[in-house]
Amino acid sequence: AQYLLNLPAEEILLDCLHEGAHAEIDFIGSGFFFTSEKLRALMNTIADLRVDARVIDRMPGRKAAYEKYLKKMFVDVYKDLPEGLTADKFPHENFLDAVLTKQHGGTSPWDDDPLVGAALNRAWHKIQEAVATRPKGDFPDFAEKVALHAQFEQIVKDEILPIYEELYQESLKRIEEKLAE
């Protein structure tokens, strides 16, 4: 609640549009992505891209304001970041941040990382394919929304999750190394 009190009214509206689109097109689906935090984090990140695309589809008059807001949140944030502040994050977390940044036209500190950048490049086409599995009309029926969400979930599970899992395993390895020090 405190977060919302500090936002300008326009940004509150844009947040509402985003969350409303989640309510419109996101479903629990099979429940697979709610079985662990690592899976939920991946699904939520890719779902956010899909939801943002849906908002822009439905509200073309707000497109410029919405894209500016997303750029502020996911691209501009790195411009003022002190050097080294991102060093303690793990590869799977960096991947999710890099996905959001790239989707909104920016570059992240991990784009050139041999592990994260390579994973992002391998996954990018499938991420875009997953984002495209959203309703296109103004008032899609429930069956269409459920079918598209099932397609979305399958792409994330079959095509993106294996790449993300490699990064997650590397993160676990780094945690074990830190604990052994």
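Scroll up to find the structure.
Conventions used here
- Residues numbered from 1 in each chain as written.
- Predicted model: local features only at pLDDT ≥ 70, side-chain atom pairs only at ≥ 80, totals over all residues.
- Heavy atoms only, no water.
- Core = buried A, V, L, I, M, F, W, Y, C linked by side-chain atoms within 4.5 Å.
- Buried < 20%, exposed > 50% of the residue type's maximum accessible area, 1.4 Å probe, protein only.
- Helix = DSSP H or I, 4+ residues; strand = E, 2+ residues; numbered from the N terminus.
- Expected span 1.5 Å × (residues − 1).
- Bend = angle between axes of the 7 residues up to and from the residue.
- Contact = heavy atoms within 4.5 Å.
- 1 Å grid on protein atoms, 1.4 Å probe; cavity = no way out; pocket = protein on both sides within 12 Å on 5 of 7 lines; lining within 4 Å.
- Points joined across faces, edges and corners; volume = space filled by probe spheres on them.
- Axes fitted to C-alpha atoms, helices over the stretch in contact; angles between N-to-C directions.
- Parallel < 35°, antiparallel > 145°, perpendicular 65-115°, else oblique.
- Left-handed = near helix turned anticlockwise from the far one by under 90°.
- Nonpolar A, V, L, I, M, F, W, Y, C, P; charged D, E, K, R; others polar.
- Phe/Tyr/Trp six-rings, centres within 6.5 Å; stacked < 30°, edge-to-face > 60°.
- Salt bridge = Lys/Arg side-chain N within 4 Å of Asp/Glu carboxyl O.

A. Layout of the nonpolar core. Among the nonpolar cores identified, the biggest contains 44 residues, and Leu 42, Ile 46, Phe 95, Val 99, Ile 127 and Val 156 are the most heavily contacted of them. Of all the elements in the fold, those that place two or more residues in this core are helix H2 (9-25), helix H3 (37-58), helix H4 (63-74), helix H5 (91-103), helix H6 (116-132) and helix H7 (142-180).

B. Focus on H6. Between its terminal C-alpha atoms H6 stretches 23 Å, which fits the 24 Å expected from 17 residues at 1.5 Å a residue. At Ala 123, H6 shows its maximal kink, close to 45 degrees. Of all the residues in H6, the buried ones are Val 116, Gly 117, Ala 119, Leu 120, Ala 123, Trp 124, Ile 127, Ala 130 and Val 131. Packed against the buried residues of H6 are H3, H5 and H7.

C. Representation of the environment of Lys 178 in the model. For Lys 178, the location among the structural elements is in helix H7. For Lys 178 and Lys 136, which are 42 residues apart along the polypeptide, the C-alpha to C-alpha distance reads 47 Å.

D. Spotlight on the layout of surface pockets. In this structure, the largest pocket occupies an estimated 200 Å³ of space. Forming the boundary of the largest pocket are Thr 45, Asp 48, Met 73, Phe 74, Val 77, Tyr 78, Lys 89, Glu 93, Leu 96, Asp 97, Leu 100 and Thr 101. Elements supplying a minimum of two residues to the lining of the largest pocket: H3, H4 and H5. It is H5 that provides the largest number of residues to the lining of the largest pocket, a total of 5 residues.

E. Focus on the packing of H3 against H6. Packing of H3 against H6 leaves a shortest axis separation of 8 Å and a crossing angle of 50 degrees. In this view, H3 runs oblique relative to H6, as classed from their interaxial angle. Pair H3 / H6 crosses with right-handed handedness. Counting all contacts with H3, which are made through Ile 46, Leu 49, Arg 50 and Ala 53, the residues of H6 involved are Ile 127, Ala 130 and Val 131. Class assignment of the residues belonging to the contact of H3 with H6 gives a composition of 6 nonpolar, no polar and 1 charged.

F. The arrangement of the packing of aromatic side chains in detail. What the rule picks out here adds up to 3 aromatic pairs. With a centroid separation of 5.0 Å and an interplanar angle of 90 degrees, the aromatic rings of Phe 32 and Phe 33 are classed as edge-to-face. Accessibility expressed as a relative area gives 27% for Phe 32, which makes it partly exposed. The class of Phe 33 is buried, set by a relative accessible area of 1%. On the basis of an interplanar angle of 45 degrees and a centroid distance of 6.2 Å, the ring pair of Phe 95 and Tyr 164 is categorised as tilted. Of the two residues, Phe 95 sits in helix H5 while Tyr 164 sits in helix H7, which places them 69 residues apart along the sequence. As far as the burial class goes, Phe 95 and Tyr 164 line up, both buried.

G. Expanded view of the pattern of salt bridges. Across all of its chains, the model carries 13 salt bridges by this definition. Between Arg 58 and Asp 138 there is a salt bridge; the shortest N-O distance is 3.5 Å. Of this pair, Arg 58 sits in helix H3 while Asp 138 sits in the loop between H6 and H7, and the two are 80 residues apart along the sequence. The exposure class of Arg 58 is partly exposed, given its relative accessible area of 30%. The network of salt bridges with shared partners includes Glu 24, Arg 54, Arg 58 and Asp 138.

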